[in-house]
Every structure is written in C-alpha cells, then in structure tokens.
Amino acid sequence: MHRNVGEHARDAIGVMMAQEGYEMTRYADDFVVLCKSEKEAYAALAQIQQWTAQAGLTLHPEKTRIVHVRRDEDWKSPDGRFDFLGYRFWRKWKFPRDKSLRKIKDTIREKTPRRNGKSQTEIIQNVNATLRGWLEYFKHSSKGTFTKLDKWIRMRLRSILRRRHKSKGIGRGYSNIRWPNAYFAQQGLISLTEARARACRPAKAGNH
C-alpha cells in the first residue's frame, strides 16, 4: 500500500502504524505500508484515511492505492507494481522507474552529441561522473537494467567515433567490431554491469 501525505504528518502516522502492528517504510512524506493480506491492507487504509481526515489532511489521490506485488501481472501494469523513491517494485524485483531512466538518458545525451568537440578522454570522464552517482543510488536494481544501459551508452560513444571517421549513422553493426566493448574499458568507461556486481558482492569475512 503506497501513500503520500503532508510533511508535518509523517511522524504521527509512523507512530500510529507501529502501534497497530503494521510495517511501514517512509522517506519524507512518501511511505509504503506492508500488509499480509488484501483485507489487512484495506483495514490499514481505512485507519489512515480516518486519521488524515481528523487532522485536516488529504491523501495524494494518484499515489494512494493498494497493490498486490505478487500478482501475476505485467511489470508495467499498475495492478502488480508500484513506484517508490525512484524505483519500480514488481514481484521480487526492482528497477529504476521509467522517469528515472529517462532522466539519466537525457543527461547522457547532453554529454554525448555526435558533434561533441571534446576529446574522447574528457567525454568519458564526464559520462563517468554521471554514472557513478546514478549507480550508487540504483545499484540494488535487477541486473538487466545495467546491461541494457551499458549497451546504449557505448552506442552513443560509437556514434561520435563514426562521425569523427567520416561515417554516417549511429554506432551499431560494424561499429561494434571496430570499437568493441574492451576498447571502451581500456579508455576508462565505467561498466555499470560490472560495477553493480562488485557493489552487491558480499563482503568476505576476515580471518580470526
């Protein structure tokens, strides 16, 4: 159950949910209440609605809804997923929500126009600065997210190289052979897939 309320009501709602035995995850005025059944979810919603009405507050009409995250629905179906703090939750997986992906792609596009006059080293360093911050926040996303984004970023960089070598079109096909993934690794481009794997790798226990 996903909710959004006014900032001044955060702590009070958290106390109320804890007293009623509900598990709640909250950040600022966004929060999610975890329930074991649909019946329990509607009961929690009724209590929140009653409390907010008495406090003179209004729940966000678009963000306030009950979701069955284990229901066999498509990952984009509003009945089987919900968005929270930039993530999309569906079944046991989580991904950056569509808006989050559009935002990083827009940022990368601004840094990688085909007519970019900067050196390749400078372009990659500039791209890496964006990738580090994005990865730190979204490193808990499912692996496929990073594989697709890595491929797209390399395509953008190959398109710049194609233009500099007097070729038209985007960086696909033969460009993948001319400038393979290893080429960009040697140039220092961050691989989100590899960086995510390292970030999520369990720490080894020290010797005693």
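Refer to the preceding data block for the structure.
Residues numbered from 1 in each chain as written. Predicted model: local features only at pLDDT ≥ 70, side-chain atom pairs only at ≥ 80, totals over all residues. Heavy atoms only, no water.

Enquirer: Tell me what's going on with the packing of helix 3 (residues 98-111) against helix 5 (residues 143-164), and back it up with residues and numbers.
Expert: Where helix 3 contacts helix 5, the two axes come as close as 11 Å, and the packing angle between them is 20°. Judged by the angle between their axes, helix 3 and helix 5 are roughly parallel. Both helix 3 and helix 5 take part in a crossing whose hand is right-handed. Within the contact between the two elements, helix 3 uses L101, I104, K105, I108 and R109 and helix 5 uses T145, L149, W152, I153 and R156. Looking at the contact of helix 3 with helix 5 residue by residue, the class counts come to 6 nonpolar, 1 polar and 3 charged. (Axes fitted to C-alpha atoms, helices over the stretch in contact; angles between N-to-C directions. Helix = DSSP H or I, 4+ residues; strand = E, 2+ residues; numbered from the N terminus. Parallel < 35°, antiparallel > 145°, perpendicular 65-115°, else oblique. Left-handed = near helix turned anticlockwise from the far one by under 90°. Contact = heavy atoms within 4.5 Å. Nonpolar A, V, L, I, M, F, W, Y, C, P; charged D, E, K, R; others polar.)

Enquirer: Residues and numbers for the nonpolar core, please.
Expert: L131, I153, L157 and L189 are the most contacted members of the largest nonpolar core, which has 24 residues in total. Those elements that provide at least two residues to this core are helix 3, helix 4 (120-138), helix 5 and helix 8 (192-199). For this core, the leading source of residues is helix 5, giving 8 residues. Those residues in contact with I153 that sit more than four places away from it in its chain are I108, V127, L131, L189 and L192. By size, the runner-up hydrophobic cluster in this structure holds 10 residues, among which are I13, F31, I48 and L59. (Core = buried A, V, L, I, M, F, W, Y, C linked by side-chain atoms within 4.5 Å. Buried < 20%, exposed > 50% of the residue type's maximum accessible area, 1.4 Å probe, protein only.)

Enquirer: Provide a residue-level description of the sheet that holds strand 5 (residues 87-90), including the pertinent values.
Expert: In spatial order, the strands read 4-5-6; together these 3 strands make up an open sheet with antiparallel pairing. Edge positions in the sheet fall to strand 4 (81-84) and strand 6 (93-96), since each has one partner strand and no second. Averaged over all pairs of adjacent strands, the angle between their axes in this sheet comes to 25°, without regard to strand direction. (Pairing = 2+ DSSP bridges.)

Enquirer: Help me get a handle on the pairing of strand 4, residues and values and all.
Expert: Of the two faces of strand 4, the one lined by R81 and D83 and the one lined by F82 and F84 are each fully buried. Where strand 4 and strand 5 come together, 4 bridges link them in antiparallel fashion. Residue pairing for strand 5: F82 is matched across the bridge by F89. Adjacent in sequence and paired antiparallel, strand 4 and strand 5 are bridged by 2 residues, among which L85 carries a positive phi angle near 55°.

Enquirer: Got a sec to walk through the packing of aromatic side chains? Specific residues and values, please.
Expert: Each pair of aromatic rings is reported with the distance of its centres and the angle of its planes. One pass over the structure, following the stated rule, counts 9 aromatic pairs. Here the aromatic rings of Y87 and Y137 are separated by 5.8 Å at their centres, their planes lie at 35°, and the arrangement is tilted. Of this pair, Y87 sits in strand 5 while Y137 sits in helix 4, and the two are 50 residues apart along the sequence. Look at Y137 and you get partly exposed, because its relative accessible area is 42%. Taking the centre distance of 4.9 Å and the plane angle of 35° together, the rings of W134 and F138 count as tilted. Residue W134 and its partner F138 are both found in helix 4; the two are separated by 4 residues, about one turn of the helix. (Phe/Tyr/Trp six-rings, centres within 6.5 Å; stacked < 30°, edge-to-face > 60°.)

Enquirer: A description of the side chain of R196 should follow, citing residues and the corresponding values.
Expert: Of note, R196 is situated in helix 8. With no salt bridge to any partner, buried R196 finds its closest opposite charge in D150, at an N-O distance of 10 Å. Excluding residues that lie within four positions of it along the chain, R196 makes contacts with L135, K139, S141, S142, K143 and F146. (Lys, Arg positive; Asp, Glu negative; His and termini not counted. Salt bridge = Lys/Arg side-chain N within 4 Å of Asp/Glu carboxyl O.)

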